[in-house]
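Single-letter residue listing:
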Amino acid sequence: MSKYTEDDLREELKTKEYQYGFYTDIASDTFPIGLNEEVVRAISLKKEEPEWMTEWRLEAFRAWEKMTEPEWANVHYAKPDFQAISYYSAPNSKPKYNSLDEVDPELLATFTKLGISLDEQKALSGVAMDVVVDSVSVATTFKKALGEKGIIFCSISEALREHPDLVKKYIGTVVPQKDNFYAALNSAVFSDGSFCYIPKGVRCPMELSTYFRINQGGTGQFERTLVIADEGSYVSYLEGCTAPSRDENQLHAAVVELIALDDAEIKYSTVQNWFPGNAEGKGGVYNFVTKRGLCEKNAKISWTQVETGSAVTWKYPSCVLKGDNSVGEFYSIAVTNNYQQADTGTKMIHLGKNTKSTIISKGISAGKSQNSYRGLVKISPNADNARNFSQCDSLLMGNDCGAHTFPYIEAKNKSAKIEHEATTSKIGEDQIFYCNQRGIDTEKAIALIVNGFSKEVLNKLPMEFAVEAQKLLEISLEGSVG
Amino acid sequence: MLKIENLHASIDDKAILRGINLEVKAGEVHAIMGPNGSGKSTLASVIAGKEDYEVTQGHIVFNNENIDELAAEERAHKGIFLSFQYPVEIPGVSVTNFMKTAINETRKAKGLEEMPAKDMLKLIREKSELLEIDRKFLSRSLNEGFSGGEKKRNEIFQMAMLEPQLAILDETDSGLDIDALRIVANGVNKLKNKDNAVIVITHYQRLLDYIVPDFVHVLHNGRIVKSGPKELAHELEEKGYDWIKDEVEA
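Just so it is clear, the structure is predicted and the values come from calculations on it, not from any experiment.

Reading the values: rules and limits
Residues numbered from 1 in each chain as written. Chains lettered and ligands numbered in written order. Predicted model: local features only at pLDDT ≥ 70, side-chain atom pairs only at ≥ 80, totals over all residues. Heavy atoms only, no water. Helix = DSSP H or I, 4+ residues; strand = E, 2+ residues; numbered from the N terminus. Buried < 20%, exposed > 50% of the residue type's maximum accessible area, 1.4 Å probe, protein only. Areas by Shrake-Rupley, 256 points an atom, 1.4 Å probe, with all protein chains shown as cover. Salt bridge = Lys/Arg side-chain N within 4 Å of Asp/Glu carboxyl O. Disulfide = S-S within 2.5 Å. Contact = heavy atoms within 4.5 Å. Buried area = accessible area lost by both parts, 1.4 Å probe. Nonpolar A, V, L, I, M, F, W, Y, C, P; charged D, E, K, R; others polar. Axes fitted to C-alpha atoms, helices over the stretch in contact; angles between N-to-C directions. Left-handed = near helix turned anticlockwise from the far one by under 90°. Phe/Tyr/Trp six-rings, centres within 6.5 Å; stacked < 30°, edge-to-face > 60°. Lys NZ or Arg CZ within 6 Å of the ring centre and 35° of its normal. Pairing = 2+ DSSP bridges.

Draft legend 1. Region of the structure containing the overall build of chain B. The secondary structure content of chain B amounts to 8 helices and 12 strands. For chain B, with 250 residues in total, the buried portion stands at 53%. Carbon and sulfur atoms make up 46% of the accessible area of chain B, which amounts to about 11700 Å² in all.

This is how it looks when you write it as structure tokens:
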């Protein structure tokens, strides 16, 4: 791609050709940097979206312009320059493929590097994958098998074309456009993401999985995920992230909305391993994510996350327990090493009667990192007999890191029962020596102790994911002891 | 097998061991006795390679190899085992998982493949039967919520699994009632053979009724001040340690 400056863009925007899309001239299909209404329109046009979607995005953009970046989190970083980011980047090889043979070999090589073999995945694990590489889905597998059950699993762009009514009905209902600064930004410029609909009474026969990856330097990713489990249905959804080393900071501001209708259940598992920056704290991904689920009557949403990457994490997967007897769960492992900062936790909003929530948070801090748990348990006046159990454990390695816990409780109903337990421990030299004496070296000993500490959460992950997550924990803490 | 020559060791510049000489041959059981603070546990830790201690003089030779510079895990790989006086808890890590890791790390160090799961299970079954350990116990988190007796029995189970050449039992009898003591001692005796050796560190003679030593050494102020046959232990029990102290200072 030839050098393309902001001035060039401004020049182009003045010309009439714009409405047919200036971007078609650009070989690599990456938008010039900067953000304004025209860019928002261009994204929408590029994705051949219906008119109402363009308006929806613009509404979000206008709201975002008036908002300021939140500063209450226990993290410190140089704020991104939102005008220095390109808001759309797509792999060159389009259109869609019917089989892997048609996929660009370069792209397949990238998958191999990531340890993802689509063929193997297909053959062995029965995992259907909607792979998002730089914002555009390039391959969707198992679509046919899912289709027979009436399950829709595709990119959100495709959903907007093929199932606009479903998208229109649900998008923004759990995370409104104006919810917060990053959610508003995402609503305005999201480039792609996944869409999933499970029909009434259907139990999804396989784990649905999406791998995200940031591919091109300087392109922020704005994923939008929408999962709808219709009445009495069940789905388990896996989201895994890997990102290659980068020098400059990359912004990642995703939005995930889950809707569990009456008697439905959604399990949403994440392994997040974006580039954390180097040992000196240079570079790394800013991960500012809004994830929220809505439970109708007797519904259940379970969030499980293993967060090992990113330089700065700001993330609170939450449940709105609207229906009576609904259940929300949050299981989290957050690892920070070197100069990483994480402020993560959950919100459990109890609105319905007999609603139940469980929070298990395991924070592991090493190096010079800061790891904060921030959680809200809110019991509304009508939520009779609401129950919450929270457990927040912190494990410290060394003397230069920090673990912080910020639990908030708002109970407006006297029948509520809320329990909160918290512990802080340090990996002791005695524990390490004990392992050493049994022939286990220090690196492995730490992995063992950390895995033991995180076990309650690791056990909640689907099998293959748990193995991957354990490896990630080990890799993330490599070199954390002197 | 083990040869300790003029060993001096200190912690935070405080000298604890002041010239230990000890030789242990295959097939032997040695008891090291002595009053509190005489350096018994320090000796055990230094042989095992705990980094907190600084060896200021002397050498430890194991199977004709100087092991002064080896890390604790490398010494373990060579067959040195320490049964801890206070075994630490590792929450969330089962006894089985811990043993599996220990065995496979040792095999890896020797250039061997991981032990197949089938063989591992067989070994666990054999050893738990030998030591009369309920296998439910093995799925519990390592030492978490274990009673004193369970902790010590778990140490001996680990010893059985790892089959060390040299086992050092550091105050294995402390905190045990007589029944637990008998079970633990029986376990050690079952594992004892002509190719391995045991060093029993104890304050009291009663453990030595069950694990009978070939030699008894008395440690005082960081030195072995008296050595003798098993009867020496009885003499100490009768007369107390002051007798030795007086004899040394006389």
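Draft legend 2. Main features of the pattern of salt bridges. Residues and elements named next belong to chain A. Scanning the entire structure with this criterion turns up 28 salt bridges over all chains. When the shortest N-O distance is used, the salt bridge between Arg-41 and Glu-37 registers 3.9 Å. In this pair, Arg-41 and Glu-37 both sit in helix H2 (residues 37–46), 4 residues apart, roughly one turn of the helix. For Glu-37, a relative accessible area of 24% translates into the label partly exposed. Residue Glu-239 pairs with Lys-291 through a salt bridge whose shortest N-O separation is 2.8 Å. Residue Glu-239 is located in strand S7 (residues 234–241), and its partner Lys-291 is located in strand S11 (residues 285–295); the two are separated by 52 residues in the primary sequence.

Draft legend 3. Representation of the state of the cysteines in the model. For the structure shown, the criterion picks out 0 disulfides over all chains. Counting only cysteine sulfurs, A:Cys196 is the nearest neighbor of A:Cys154, a cysteine outside any disulfide, at a range of 8.9 Å.

Draft legend 4. Up close: the environment of A:Gly283. Residue and element names in this part refer to chain A. Note that Gly-283 resides in the loop between strand S10 (265–272) and S11. We classify Gly-283 as buried; its relative accessible area is 10%. Here the alpha-carbon distance between Gly-283 and Ser-310, two residues 27 residues apart in the chain, equals 9.3 Å.

Draft legend 5. Looking closely at the interface of chain B and chain A. Counting residues at the interface gives 31 residues for chain B and 18 residues for chain A. Carbon and sulfur atoms supply 65% of the area that chain B and chain A bury against each other, a total of about 2100 Å² over both sides. Of all residues in chain B, B:Glu73, B:Phe84 and B:Val88 bury the most surface against chain A, accounting for 24% of the area lost on that side. Linking chain B to chain A there are 2 salt bridges. Two residues, B:Lys50 and A:Asp430, come together in a salt bridge whose shortest N-O distance is 3.5 Å. Elements represented by at least two residues in the side of chain B that touches chain A include exactly helix H1 (40–48), helix H2 (72–77), strand S6 (80–83), strand S7 (90–94), helix H3 (95–109) and helix H5 (148–162) of chain B. Within the side of chain B that touches chain A, the residues separate by chemical class into 16 nonpolar, 9 polar and 6 charged.

Draft legend 6. How the structure looks around the packing of helix H3 (residues 51–66) of chain A against helix H9 (residues 181–189) of chain A. Residue and element names in this part refer to chain A. At a closest axis distance of 7 Å, the pairing of H3 and H9 adopts a crossing angle of 145°. As H3 runs across H9, the sense of the crossing is left-handed. For the pair H3 and H9, the contacting residues are Trp-56, Arg-57, Ala-60, Phe-61 and Trp-64 in the first and Phe-181, Ala-184, Leu-185, Ser-187, Ala-188 and Val-189 in the second. Taken together, the residues of the contact of H3 with H9 sort by class into 9 nonpolar, 1 polar and 1 charged.

Draft legend 7. Layout of the side chain of A:Ser194. With respect to the element layout, A:Ser194 can be found in strand S4 (residues 194–198). A:Ser194 sits in the buried class, given a relative accessible area of 1%.

Draft legend 8. Inspection of the environment of A:Lys282 at higher detail. All names here are of chain A. Looking at the element boundaries, Lys-282 is found in the loop between S10 and S11. For Lys-282, a relative accessible area of 48% puts it in the partly exposed group. In the structure, Lys-282 is positioned 58 residues away from Gln-340 in sequence and 9.9 Å away in space, judged by C-alpha atoms.

Draft legend 9. Representation of the packing of aromatic side chains in the model. All names here are of chain A. Under the counting rule described, the total for this entry stands at 21 aromatic pairs over all chains. Both rings, one in Tyr-87 and one in Phe-222, keep their centres 5.4 Å apart while their planes meet at 20°; by these two values the pair is stacked. Taken as a pair, Tyr-87 in the loop between H3 and helix H4 (105–113) and Phe-222 in the loop between strand S5 (208–213) and strand S6 (224–229) lie far apart in primary sequence, 135 residues in all. For the pair Tyr-87 and Phe-222, a shared accessibility class is recorded, and that class is buried. Cation over ring: Arg-438 sits above Tyr-434, and NZ or CZ is 4.8 Å from the ring centre.

Draft legend 10. Local environment of the sheet that holds strand S9 (residues 166–170) of chain B. All names here are of chain B. Taken in spatial order, the 6 strands make up an open sheet running S6-S9-S10-S3-S11-S12, and their pairing is mixed. The open sheet has two edge strands, S6 and strand S12 (223–228), and neither has a second partner. In this sheet, neighbouring strand axes are inclined to one another by 20° on average, regardless of whether the strands run parallel or antiparallel. With 4 bridges joining them, strand S3 (residues 29–33) and strand S11 (residues 215–220) adopt parallel strand pairing. Its bridge partner being in S11, Ile-32 is matched across the sheet by His-217. H1 contacts S3, S6, S9, strand S10 (197–202) and S11 of the sheet and is inclined by roughly 150° relative to S9. With respect to the sheet, helix H7 (residues 231–239) is in contact with S3, S11 and S12, its orientation differing from that of S11 by roughly 45°.

Draft legend 11. Structural context of the sheet that holds strand S2 (residues 14–24) of chain B. Residue and element names in this part refer to chain B. Pairing in this open sheet of 4 strands is antiparallel, and the strands run S2-S1-S4-S5 from one edge to the other. Both edges of this open sheet fall to S2 and strand S5 (65–66), since each of them pairs with a single strand only. Note that strand S4 (residues 54–62) and S5 share 2 bridges and pair antiparallel. Bridging from a neighbouring strand, Phe-62 pairs with Glu-65 of S5. Together, strand S1 (2–11), S2 and S4 form the strand contacts of H1, whose direction differs from that of S1 by roughly 110°.

Draft legend 12. Inspection of unusual backbone geometry at higher detail. A positive phi angle, close to 50°, is found at A:Glu48, a residue other than glycine. Within the secondary structure layout, A:Glu48 lies in the loop between H2 and H3. Of note, B:Asn221 is a non-glycine position whose phi angle comes to about 55°, a positive value.

Draft legend 13. How the structure looks around the pairing of strand S12 (residues 300–307) of chain A. Residues and elements named next belong to chain A. Extensive coverage of S12 is indicated by the burial of 7 of its 8 residues. Sheet analysis places S10 next to S12, joined by 8 bridges and oriented parallel. Its bridge partner lying in S12, Glu-265 is registered against Lys-300. The pairing of S12 with strand S15 (residues 327–336) spans 8 bridges and is parallel.

Draft legend 14. How the structure looks around the environment of A:Glu468. For A:Glu468, the position within the fold is in helix H12 (residues 463–476). Sequence separation between A:Glu468 and A:Val271 is 197 residues, and the spatial gap between their C-alpha atoms is 8.6 Å.

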